[in-house]
Amino acid sequence: MNKIVLITGATSGIGLGCARKFAENGDQLILTGRNEKRLEEIRHELEAKGTKVLILPFDVRDADKAKACIDSLPEEWQHIDVLVNNAGLALGLEPEYEGNVDEWATMIDTNIKGLLTMTRLVVPGMVARNSGHVINVGSVAGDAAYAGGNVYCATKAAVKALSDGLRIDVANTAIRVTNLKPGLVETNFSNIRFRGDTDRASNVYKGITPLTGDDIADVAVYAANAPAHVQIAEVLILATHQASGSVIVRK
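Now for a look at the structure at hand. Counting of residues starts from 1 at the beginning of each chain's written sequence and follows it residue by residue. Under the rules for a predicted model, residues below a pLDDT of 70 receive no local features and side-chain atom pairs below 80 are neither given nor counted, while totals for whole chains, interfaces and linings still include all residues. Based on all heavy atoms of the structure, the side-chain values leave hydrogens and waters out of the count.

### Digging into the pairing of strand 3 (residues 53-57)
Pairing of strand 2 (residues 28-33) with strand 3 involves five bridges; the strand directions are parallel. What sits directly across from L29, in strand 3, is V53. With helix 2 (residues 36-47) bridging strand 2 and the parallel strand 3, this β-α-β connection has right-handed handedness. One bridge is not enough; two strands pair if DSSP finds at least two bridges between them. Counting from the N terminus, the helices are DSSP H or I runs at least four residues long and the strands are E runs at least two residues long. Looking down the strands as they point away from the viewer, one classifies a crossover as right-handed if the path from the first strand across the helix to the second runs clockwise.

As structure tokens, then:
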């Protein structure tokens, strides 16, 4: 049965991978992101293949805009079956005592508060229908801190705690909650972390075959299509030569 899937941060990386994989699965998509032009390009790409797509250009840090967009959904788009809380980022690798306060706020507002905003806006409808699935994109960084990760790792530890807490809160319903925890994924993640330093970002992936956004999207689609009595609560997805957030063997 086709689902309505809302994906935040859908313009690149894991979010874009999820958009394409859920489209291949025959689902309808609500795609959000800050870059309206890129959202339009993705909509045209997927609609050309027969997928129904609605785009909502907004930043998850803007709770008022997010609410206005969700409240204005046409009736045929209101029954969201799957929420993929993917929007997130890392900024910098400085020691905690030298960190940039504004960058901390951006990470916290996006990775934690943005996820909470979307959960608050979408999940009540799932509870009312006694049906739905929330897929949060966490990280291996949420399991243990690594050098320079400090605040980013803390935000992803929060994603795990919020996923676990929501799963408890909806345990009396048929709603499922999944926390996906990727390791090294080659997207524009590192480019953003290093503030556009492409050479430094490319070094992150040298000597190892990293995961792709499509790899994580495969797991998201699998979890969303598991039998109704099966809840894929948490999945750690690592590259073959990565053992943890800090142990990577390069060849």
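Structure's up, so let's keep going.
### Quick word on the environment of D215
Mapping D215 onto the fold places it in helix 8 (residues 213-224). Counting along the chain gives 180 residues from D215 to N35, while the straight-line C-alpha distance between them is 23 Å.

### With respect to the pairing of strand 1 (residues 4-7)
Remark: exposure states derive from per-residue accessible area (1.4 Å probe, protein chains only) relative to the maximum for the residue type, with buried under 20%, exposed over 50%, and partly exposed in between. Alternating residues of strand 1 divide into I4 and L6 and V5 and I7, and every residue in both groups is buried. In the sheet, strand 1 pairs with strand 2 via four bridges, with the strands oriented parallel. Opposite L6, over in strand 2, you have I30 as the bridge partner. Tracing the backbone out of strand 1, into helix 1 (residues 13-24) and back to the parallel element strand 2 gives a crossover that is right-handed. Two strands pair when backbone bridges link them, and strand 1 and strand 4 (residues 82-85) are joined in this way by three bridges, in the parallel orientation.

### Brief notes about the sheet that holds strand 4
Read from one edge of the open sheet, seven strands run 3-2-1-4-5-6-7, paired in parallel fashion. Sheet topology places strand 3 and strand 7 (234-237) at the edges, where each strand pairs with a single neighbour. Within the sheet, the average angular offset between the axes of one strand and its neighbour, ignoring direction, is 15 degrees. Against the sheet, helix 5 (residues 150-169) contacts strand 5 (133-137), strand 6 (176-182) and strand 7, and its axis sits at roughly 160 degrees relative to strand 6. Contact criterion: two residues are considered in contact whenever any of their non-hydrogen atoms come within 4.5 Å of each other. In this analysis an axis means a line fitted to C-alpha atoms, helices contributing only their contacting stretch, and an angle means the value between N-to-C directions, from 0 to 180 degrees. Sitting on the sheet, helix 8 touches strand 4, strand 5, strand 6 and strand 7, and the angle it makes with strand 6 is about 165 degrees.

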